[in-house]
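What the coordinates show
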Amino acid sequence: MDVIQIVLLALVTFIFAIDQFSLTEILYRPMVACPIIGLVLGDLNTGLVVGGTYELMMVGNMPVGGAQPPNAVLGGVVAMVFAVKSGMTIDAALGASIIFAVFGQYVVTTVFAFMSGLMSKADKAAAEANPAGITQVTVISMALMGGLFALLAVVAYVGGEAARDALNTINDNASWIMGGLAAAGGMMRFVGFAILMKIMLSNDLWGFFLAGFAMANIVQNIEALAPATLLLLAFIGVAIAMFDFGINMNIKNRVGSGQGGASDGI
Amino acid sequence: MASKVNIDQISHYNDLTPAAPLSKATLNKMTWRSLQLQSAFNYERMQAAGWLWGILPGLEKIHTNKDDLAISMTHNLEFFNTHPFLVTFVMGIVLSLEQQKADIATIRSVRVAAMGPLGGIGDALFWFTFIPIVAGITANMAMDENLMGPVLYFVLAFGLQMVIRFFLMNWSYKLGSSAIGALTKNAKEFTRAASILGVFVVGALVANFGGTTTRIVFANGDSPISLQAQLDQIMPKMIPFALTMLCYYLIKKKNFTAVKVIVVLLVIGIVGAIFGIWAGDYTPLVEWYTLPKA
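Residues numbered from 1 in each chain as written. Chains lettered and ligands numbered in written order. Predicted model: local features only at pLDDT ≥ 70, side-chain atom pairs only at ≥ 80, totals over all residues.

Check the secondary structure of chain A and you find eleven helices and zero strands. Along chain A, helices and strands appear, N-terminal first, in the series α-α-α-α-α-α-α-α-α-α-α. What you see for chain A is a C-alpha radius of gyration of 26 Å, clearly larger than the 18 Å of a compact globule of 266 residues, by over 25%. Dimensions of chain A, computed from C-alpha atoms along their principal axes, come out at roughly 95 × 50 × 35 Å. (Helix = DSSP H or I, 4+ residues; strand = E, 2+ residues; numbered from the N terminus. Rg over C-alpha atoms; globule rule 2.2 N^0.38 Å.)

What follows deals with the overall build of chain B. Looking only at helices and strands, chain B has ten helices and two strands in total. Put simply, chain B runs from its N terminus to its C terminus through helices and strands in the order α-α-α-α-α-α-α-β-β-α-α-α. Each of the three principal axes of chain B carries a C-alpha extent, and together these read 75 × 60 × 35 Å. When the 294 residues of chain B are sorted by exposure, 52% land in the buried category. Restricting the contact set of chain B to residue pairs at least 6 apart, pairs at least 24 apart contribute 73%. (Buried ≥ 20, exposed ≤ 12 C-beta atoms within 10 Å, placed from the backbone. Contact = placed C-beta atoms within 7 Å.)

The subject of this paragraph is the domain arrangement of chain A. For chain A, the assigned domains read domain 1 (3-188) and domain 2 (201-258). Computed over C-alpha atoms only, the centres of domain 1 of chain A and domain 2 of chain A are separated by 40 Å. (Domains from an automatic or database assignment.)

Next up on the list: the nonpolar core. Membership of the largest hydrophobic core comes to 174 residues, with the highest contact counts inside it found for A:Ile37, A:Met80, A:Val191, B:Ala49, B:Leu52, B:Val201 and B:Val202. Here this core takes 15 residues from helix H5 (residues 104-143) of chain B, the largest share from any one element. B:Ala49 has contacts with A:Met119, A:Ala122, A:Ile134, A:Val137, A:Thr138, B:Ala40 and B:Leu77, leaving out every residue within four places of it along the chain. (Core = buried A, V, L, I, M, F, W, Y, C linked by C-beta atoms within 7 Å.)

As a further point, take the packing of helix H4 (residues 72-85) of chain A against helix H5 (residues 90-114) of chain A. Residues and elements named next belong to chain A. Two elements in contact, H4 and H5, have axes whose closest approach is 7 Å; the angle formed by their N-to-C orientations is 145 degrees. Judged by the sense of rotation from one axis to the other, the crossing of H4 with H5 is right-handed. Only Ile-90, Ala-93, Leu-94, Ala-96, Ser-97, Ile-98, Phe-100, Ala-101, Phe-103 and Gly-104 of H5 make contact with H4, whose side of the interface consists of Ala-72, Val-73, Leu-74, Gly-75, Val-78, Ala-79, Phe-82 and Ala-83. In terms of residue class, the contact of H4 with H5 is made up of 15 nonpolar, three polar and no charged. (Axes fitted to C-alpha atoms, helices over the stretch in contact; angles between N-to-C directions. Left-handed = near helix turned anticlockwise from the far one by under 90°. Nonpolar A, V, L, I, M, F, W, Y, C, P; charged D, E, K, R; others polar.)

Glancing now at the environment of B:Ser223. Considering the arrangement of structural elements, one finds B:Ser223 in the loop between strand S1 (217-218) and strand S2 (225-226). As for B:Ser223 and B:Leu16, which are separated by 207 residues in sequence, their C-alpha atoms are 66 Å apart.

For any two helices packed against each other, the geometry comes down to the angle between their axes and how far apart the axes lie. Residue and element names in this part refer to chain B. One way to put it is that helix H2 (residues 48-62) packs onto helix H3 (residues 66-75) with a least axis distance of 11 Å and a crossing angle of 155 degrees. For the element pair H2 / H3, the angle class is roughly antiparallel. Every pair of crossing elements has a handedness; the one defined by H2 and H3 is right-handed. For the pair formed by H2 and H3, the contact residues are Leu-52, Leu-59 and Glu-60 on the first element and Leu-69, Ser-72 and Met-73 on the second. In terms of residue class, the contact of H2 with H3 is built from four nonpolar, one polar and one charged. (Parallel < 35°, antiparallel > 145°, perpendicular 65-115°, else oblique.)

Residues and elements named next belong to chain B. Of note, Lys-101 is a non-glycine position whose phi angle comes to about 55 degrees, a positive value. By the element assignment, Lys-101 lies in the loop between helix H4 (87-99) and H5. On the basis of neighbour count, Lys-101 is assigned to the buried category, with 21 C-beta atoms found within 10 Å.

Here the focus is the confidence of the model for chain A. Residues and elements named next belong to chain A. Mean pLDDT for chain A: 84, with 91% of residues reaching 70 or above. Mean pLDDT across the elements of chain A ranges from a minimum in helix H8 (residues 175-187), with 79, to a maximum in helix H10 (residues 206-220), with 94. Across residues 260-266, where pLDDT falls below 50, the model places four contacts with residues more than four positions away in sequence or in other chains. (pLDDT = per-residue confidence, 0-100.)

It is worth spelling out the environment of A:Ala183 at this point. Relative to the helices and strands, A:Ala183 is located in helix H8. When neighbours within four sequence positions are excluded, A:Ala183 is seen to be in contact with B:Thr212, B:Gly269, B:Gly272, B:Ala273, B:Trp278 and B:Gly280.

A few words on H4(B). In this model H4(B) runs 18 Å from its N-terminal to its C-terminal C-alpha over 13 residues, within 8% of the 18 Å that 1.5 Å per residue would give. Most of H4(B) sits out of view: 13 of its 13 residues are buried. (Expected span 1.5 Å × (residues − 1).)

See the structure below:
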């Protein structure tokens, strides 16, 4: 066991784990990350091949719309450990790493749920007009995410194949935990919507909320339009808003110039 | 220490004198900070903390009154989610409104209306068009053990997003500043119109981002009945709509904190999975119906 390798692997994984959401959002991609891990493990060429292969696998499996795809950081680390250290073929290593990528996705879901707790610290900093408090919240969050993934990378390095078997057992026997976490993760965004509604939704605007919901339903059920749903909806929303603005300006100007109501001679 | 802010009762800043325009250096600093948009991502408010951190250099220059800075920081910590590479567009517009000391309701509505649609545009342009093309070219180089593959990939992908970030920040700040004069003259009407747009977009977000479905099927001879298909006949996206209303009810009427609502949803998610209610590839603890073989 090579201590320097473990430390370096933990370090680069720490950075990739943060990079998958912040920083460049490019460094963590298998195409770049796997060659770097290859350098750490002493086999750059395997890193290049695994990276290229994994990157192509990931095309069409992107972090869109807030959904969590199988985690490329953990998947990449484990694929490299299996390919370089366990001497698996590249295809076998990629195949064996999938369960870790899926597991990594639940790790991220759980971290995102727990990090909601940090928002009360951020609220306090905001109420006190204390910018340093906001910086702290972002730093703590990044350190948590990076540290957790660095730890998992070390586990994968030390006991990769044992960890794979353990994960498969959990997945077979208690898959409802993973299923429940995934379902709850998908529901969390409703909290954010509800907070916005509490702030913005005065009683006379309910109709516009329902109209937005209905229009989005209509547009996204037309296959050709679905990807552009929110942009098209924004156009419609702008039209409604401008119309409302125009009407109200008209009323205001007429009142202002004394031409309102009966004096119009209608 | 400033007094605690109750944002619901504040409609405008104390100091309504427009601040000096932000310098190019400040705008550039915030563009670099925009890279950390998702650093404190969480399910309660998504990118809110990273968003606030990104625009803080500007807010500190604009709001020299400490109470105003507290108000601005508080309302900029509300739920925020957009495409990371396009966020500077929202930043520029919001900062131009902050600089002119627009009504808080106006700033909020513009922020929500701008952030929603950008997500879809960014995904379509970047993840579904640009990256697949770049990956297609460079992956083959990497598989031939050519180091230029990853280097080219990084330079192209990171370079493009930085160009976009800088351009959008400067452009949208100018855009906001030039439009604002006419808007502040008719602030009340504009705020109402912006709120309509914001509320309309939130309604659309519920339908667009809400993905919760059920997998329950009722045995019925050869043609089992899917509960989700039945619900879709009444109204598509009924479960996301109902869950949003539940959260709204708990927060607005029962004064739940967001963290409490998150715990409620965690319980609903896991208990639901025990009974096999929610869709997904898992085996429920209590199996009271049989899933048809795919």
